[in-house]
Amino acid sequence: MCYNNIMLYFDNASTTKMSKASLEAYVQASECFFNPSSLYSPATKSKVLIEEARDHILKYLKAKPKSTLIFTGSATESNNAVLNSCITRKDKKYIFSLGEHSAIYETAKKYKELGYNIVFVPINSNGSVNIEALMKELDETVAFVSIIYISNETGAFNDIAEITRQVKDYNKNIIVHTDAVQALGKVDINLKELNVDSLTLSAHKINGPKGIGALYIAEPNKFKPYMLGGGQEMGLRAGTENIPAICAFKQAVQDLRIKDYSKHKQAILDNLSGDYILVSNRECVDNIISICFKGVRGETIEHMLEAKGYLIGTGSACNSKAGHNRVLSHIVSRDYIEGVIRLSFGEEITVEDCKKVAIELSKAVKEYRERIKK
Amino acid sequence: MNKVILIRFNEIHLKGGNKKYFTKLLYNNIKHALKPFECKIENIQNRLLVRDYTEEDEIITNLKAVFGVHSISKALELDNDVELIKDHISTLKINNTFKCDVNRADKSFPIKSNEFAAELGGIILKHNPNAKVDIHNPETVVYVDIRENGKTFVFKEIIYAYSGLPLGENRDGLLLLSGGIDSPVAGFCMAKRGLRQDILHFDSFPYTSPQAKEKVINLAKTITKFIGAKFMYICSMTKLQEEFHIKCNEEYAINLLRRSMIRVANALCEKYKYKTIITGESLGQVASQTIESLTATNAVANVPVLRPLISFNKDEIIAIAKDIDTYETSILPYEDCCTVFLPRNPIIKPKVKNAEIEENKINLEELLNSVIENIEVIKLDD
C-alpha cells in the first residue's frame, strides 16, 4: 500500500484516488476481454461498451451533433494529437497562452524551434489568459488558438465560450482548442456553448483510472488521423481499445457532481498567516488554491507537512521534473516563486480539514523561517 | 572447434610473486560478474576463457566492468594443428583490406609467426577475390593466437576493458557519494586501482527531497558493479546544517559541513574497518575545493582521504561519467545536501583554527553523535 489513509490528501489537481464505483466498473469490464474488432458475437458486447461510454460522455458534455469523442491514452496524448494535426503550415500563426499545461506548451515550443509562427500570449496575475493581448494577436494568418479552460497551476478560469465567440467572430475558420482536464466536474461544460473545435479530458482527475484520456472533436472529418493501424476510434486513433479503462472513465463521469468548495477555500484563507501572495483570486475555481510564501522553499514545506500527515503540492507535478514553475514565473516575483504551494481539494476533504492544513501550513512556514533565520 | 570468449590481463603480469594472488582475485571477480549467466570459466596460461555460453554480448558487457581485464575477444578455439587452422582460415569471408597477425606462444609449433601469417594471408586471398592485403592500415585483422596449452584462438576483434587491478576482497574504502557528477567517477577511479568501497551519502531532508535520495540510491546501484559496494549509509545532516546556519559564521558553512562529513565518515571507518575515505573533489572547482579548504577538511580525517579527481578538468570527469552511465542520473535537477544553506560568499581560504572557533559555537559532539546514531543502512544487491 503506498497511500496511507491517515494522510489528508490535498493534491487532487495532480491526480485523484480511483472511486470504488469506477474500480468496480473497471473490473467488471475486464470480464469482457474480447477484441471489439472481432466478428463473433461476444466481441460485439465489447464494442457496445465503448460506444455506450462515448455516447454517455458526449451527452454529459452537451456535445454538438456530428461531433465525436475518441479515447486516448492520456490528456497529454490528446493535446499532442491536436497540435500535431493542426500545426501544418509555416505561413500560418498559432496562438497559445503562457498558462498552458506543459503537454501543450512543450509541443508548441517544439514547433516554434522548427520555425513555425508560434505566439504565446501573456497571462494575468491569477494565471488566466489576457484576452486583450490574445485578440491583438488575431490577424488573417491565424489558424489555431489553444487556451486552457482552468489553469492546473492556479485554478484560473478562462471564459472559453467568450474567447471562442470573439475568435470566431474575427474568422470562423480559426480552430479553437481547449484543455479541459481541470474543468471536468468542476464547472458545467456545455460544448454547444463553448463552440470549440476540440477539447481534452482525462479520467484520473475525476476519480477514474490513469492511462485513459479523451479528445472531443467537433468535426471529425477535418481531423487528421494520428495513429494508423486497425482503424479503431473512427480511424483517427488506431490501437485495440482499453475497454476496462473506458468503462471506468464512463462511471467516473456518471458519478460527477459539481461540488461547492467555496467554504473550503475560505477556511484556508481564514487560517493562513505569514507573508504570502494568494495567486488564486476570486475569479479562480474554488478547488485549487495557489499560494506563494516569501523566502521559503515550497518543496521543504511540502516535506514538513507530509511529516505531519498532510500531502500537499508545490505546483503542477508535470512541472516538477523541469525544476521550476514555468507558469507562476510569469506571475510572481523571484522572492516568492520558490515558495509556491498548491492545495487542491477532492471528495474526501472537509472544511475542517482545510482549516487544519492552513494552520499547519502557517506553522511550518514560521518554523522554516525560524530554523534558517540569521 | 569451440566458440569461446578470450580474456586478457596486463598489469597482473608485473606482479612477480603476487601474480598468483591477483590472478585468483581476478578469476573470482569474473566469476562473480558472470554469475547471472550459464557458462564455464577456465584458466589457461596468461589468459582466461569463457566457454559453454549463449548470452555472448551480455557476458562481454559484464566482463568490461571487471577491473584487471585488459581486453576481450570473441574467438574460435582450435587445436594447434597447421592443417586445421588453414582449413578454418579458408572459410573466412573477407571483402576489404586485411592482414594476418600470428602470435606463436607455443614454440613447438612448427612454423614461425611471420611465415605462417604470410601463408594464411595467401589462403584468404585465394578464397576471397575482393580481399586485399594492407599491413599498415588494414580494415580487418585476423588474429591467430597459438597458445602453450595446445589450443589456437582465431578472432577478428579486440574489445578493450578498463585494465587496472582486480577489486580486493575487503571493502577498504568509504566513498562519499553526493548526487553530482564527480563522486561516482571518483569511486570508479579508485575501484580501477583495486579498491573495493562502500558508500556514504548525506541528505538534508526536508530541505532535500525523497527524489534526491532516490537519485543517489540509483547512482549507487549503477556504480556498484564497478566498486563492489555492499552497503550504503545515508546520514541526515539537517540538524547540523541548521545549527551552523544559525550560530556560526555563514562564510564557513560549507567548510564546517565538509568537516562534519569527514567526522561522520571517521566514525564509520572506525566501526566497520574502512581504511580510507574517497571524495570527488577537484582542485579549484568550487570554493570548498581550494588547497586551504582541503587542508581544513583533512585536518579532521583519521584515515587518508583519497581524491582521484584532484587534477581532472570537468569535461574529463563528464566523459568518464557518460562512459560509466552515471551522467544522466547525476544531472537530474534534484538538490543534494551541499546546495542547501549555501552562503552568498563562501570562504575560499579557510583556516583550521577559525573553523574550530566556529565549531565551538555549537555542541558539535552531541549533534554528531545524534546524526551518526540515526544513519540509515541500505544493503545493495550483489
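As a starting point, this report considers the structure included with it. Every value quoted in this text rests on a predicted model; they were computed, and no experiment measured them.

### A look at the sheet that holds strand β10 (residues 171–176) of chain B
Two pairing modes exist for strands in a sheet, parallel and antiparallel, and in both the strands are linked by backbone hydrogen bonds.
Residue and element names in this part refer to chain B.
Right, on to step 1. Pairing in this open sheet of 6 strands is mixed, and the strands run β14-β13-β10-β11-β12-β15 from one edge to the other. Edge positions in the sheet fall to β14 (305–306) and β15 (376–379), since each of these pairs with one other strand and no more.
Right, on to step 2. Of the strand pairs in this sheet, β10 and strand β13 (residues 276–278) are connected by 3 bridges, and their pairing is parallel. If you follow L174 over to β13, its bridge partner there is I277.

### Some remarks on unusual backbone geometry
All names here are of chain B.
Right, on to step 1. Residue P206 is reached from F205 by a cis peptide bond, and omega for that bond is 5°.
Right, on to step 2. Examined against the element boundaries, P206 turns out to sit in the loop between β11 (196–203) and α6 (210–227).
Right, on to step 3. Notably, D52 is not glycine yet its phi reads approximately 55°, a positive angle.
Right, on to step 4. Within the secondary structure layout, D52 lies in the loop between β3 (47–51) and α2 (56–64).
Right, on to step 5. The backbone of S163 shows a phi angle near 55°, a positive value even though the residue is not glycine.
Right, on to step 6. Among the structural elements, S163 can be located in the loop between β9 (159–160) and β10.

### Here's the deal with the packing of helix α1 (residues 20–31) of chain A against helix α8 (residues 243–254) of chain A
All names here are of chain A.
Right, on to step 1. At a minimum axis separation of 8 Å, α1 and α8 run at an interaxial angle of 150°. Classed by the angle they form, the pair α1 and α8 counts as roughly antiparallel. Of the two possible hands of crossing, α1 and α8 adopt the one that is right-handed. Here α1 contributes A21, S22, A25, Y26, A29 and S30 to the contact with α8, which in turn contributes I243, P244, A245, C247, A248, Q251 and A252.

### Let's talk about the pattern of salt bridges
Residues and elements named next belong to chain A.
Right, on to step 1. The full count for this structure, using the stated rule, is 40 salt bridges over all chains.
Right, on to step 2. One salt bridge in this structure joins D91 and R89, with 2.8 Å as the shortest N-O distance.
Right, on to step 3. Taking the relative accessible area as the measure of exposure, D91 reaches 47% and is therefore partly exposed.

### Topic: the state of the cysteines
What is meant by a disulfide is a covalent connection between two cysteines, made through their sulfur atoms.
All names here are of chain A.
Right, on to step 1. Going through the model one piece at a time under the given rule, you end up with 0 disulfides over all chains.
Right, on to step 2. Here C32 is not disulfide-linked; the sulfur of C247 is the nearest cysteine sulfur, at 8.0 Å.
Right, on to step 3. Free cysteine C292: the closest other cysteine sulfur is in C284, separated by 12 Å.

### A short note on helix α10 (residues 298–307) of chain A
Right, on to step 1. Where α10 of chain A is concerned, the buried positions are G298, T300, I301, H303, M304 and L305 of chain A.
Right, on to step 2. Positive phi shows up at G309 of chain A, right after α10 of chain A, with a value of about 100°.

### Observations regarding the pairing of strand β5 (residues 97–104) of chain B
Residues and elements named next belong to chain B.
Right, on to step 1. When β5 meets strand β6 (residues 132–133), the two strands line up parallel, connected through 2 bridges. Residue pairing for β6: T97 is matched across the bridge by K132.
Right, on to step 2. The β-α-β motif built from β5, the intervening helix α4 (residues 113–127) and the parallel element β6 has right-handed crossover chirality.
Right, on to step 3. By the bridge criterion, 7 bridges tie β5 to strand β7 (residues 140–146) in an arrangement that is parallel. Its bridge partner being in β7, K99 is matched across the sheet by V141.

### Topic: the packing of helix α7 (residues 238–247) of chain B against helix α13 (residues 364–373) of chain B
Residues and elements named next belong to chain B.
Right, on to step 1. At a closest axis distance of 9 Å, the pairing of α7 and α13 adopts a crossing angle of 155°. Classified by the interaxial angle, the pair formed by α7 and α13 is roughly antiparallel. Packed against α7, whose contacting residues are K239, L240, E243 and F244, the element α13 presents L364, L367, L368, S370 and V371 at the interface.
Right, on to step 2. Looking at the contact of α7 with α13 residue by residue, the class counts come to 6 nonpolar, 1 polar and 2 charged.

### Overview of the interface of chain A and chain B
Right, on to step 1. Taken together, the 12 residues of chain A in the interface contact 16 residues of chain B.
Right, on to step 2. The contact between chain A and chain B buries some 1,200 Å² in all, and 54% of this surface belongs to carbon and sulfur atoms.
Right, on to step 3. Along the contact surface separating chain A from chain B lie 1 salt bridge.
Right, on to step 4. Salt-bridge contacts for R371 of chain A lead to E242 of chain B; the nearest nitrogen and oxygen are separated by 2.7 Å.
Right, on to step 5. For the pair chain A and chain B, the interface holds 4 residue pairs in polar contact (both at pLDDT 80 or more).
Right, on to step 6. Among the secondary structure elements, those contributing two or more residues to the side of chain A that touches chain B are α10 and α13 (351–372) of chain A.
Right, on to step 7. For the side of chain A that touches chain B, the per-class residue count stands at 3 nonpolar, 2 polar and 7 charged.

### Focus on a nonpolar patch on the surface
Right, on to step 1. On the surface, a cluster of nonpolar side chains totalling about 250 Å² of accessible area is made up of L125, V133 and I135 of chain B.
Right, on to step 2. With respect to the helices, strands and loops of the structure, L125 of chain B is situated in helix α4.

### Concerning the packing of aromatic side chains
Residue and element names in this part refer to chain B.
Right, on to step 1. Inspection of the entire model under this criterion finds 26 aromatic pairs over all chains.
Right, on to step 2. Ring plane angle 75° and centroid distance 6.3 Å describe the contact between Y233 and Y274, whose orientation is recorded as edge-to-face. Note that Y233 is positioned in strand β12 (residues 231–236) and Y274 in the loop between α8 (253–272) and β13, a separation of 41 residues in sequence. Of the two residues, Y233 and Y274, both sit in the buried class.

### Concerning the sheet that holds strand β12 (residues 340–344) of chain A
Residue and element names in this part refer to chain A.
Right, on to step 1. Taken together, 3 strands build an open sheet; the order of strands is β9-β10-β12 and the sheet is antiparallel. Lying at the two open borders of the sheet, with one neighbouring strand each, are β9 (276–278) and β12. For this sheet, the mean inter-axis angle between neighbouring strands, taken without regard to orientation, is 25°.
Right, on to step 2. In terms of strand pairing, β9 meets strand β10 (residues 288–293) through 3 bridges, oriented antiparallel. Bridging from a neighbouring strand, I277 pairs with C292 of β10.

What counts as what
Residues numbered from 1 in each chain as written. Chains lettered and ligands numbered in written order. Predicted model: local features only at pLDDT ≥ 70, side-chain atom pairs only at ≥ 80, totals over all residues. Heavy atoms only, no water. Pairing = 2+ DSSP bridges. Helix = DSSP H or I, 4+ residues; strand = E, 2+ residues; numbered from the N terminus. Axes fitted to C-alpha atoms, helices over the stretch in contact; angles between N-to-C directions. Parallel < 35°, antiparallel > 145°, perpendicular 65-115°, else oblique. Left-handed = near helix turned anticlockwise from the far one by under 90°. Contact = heavy atoms within 4.5 Å. Salt bridge = Lys/Arg side-chain N within 4 Å of Asp/Glu carboxyl O. Buried < 20%, exposed > 50% of the residue type's maximum accessible area, 1.4 Å probe, protein only. Disulfide = S-S within 2.5 Å. Right-handed = clockwise from strand over helix to strand, strands pointing away. Nonpolar A, V, L, I, M, F, W, Y, C, P; charged D, E, K, R; others polar. Buried area = accessible area lost by both parts, 1.4 Å probe. Polar contact = N/O pair within 3.5 Å; in protein donor to acceptor, adjacent residues only side chain to side chain. Patch = residues over 30% accessible without salt bridge, like charges linked within 9 Å, V, L, I, M, F, W, Y side chains within 5 Å. Areas by Shrake-Rupley, 256 points an atom, 1.4 Å probe, with all protein chains shown as cover. Phe/Tyr/Trp six-rings, centres within 6.5 Å; stacked < 30°, edge-to-face > 60°.

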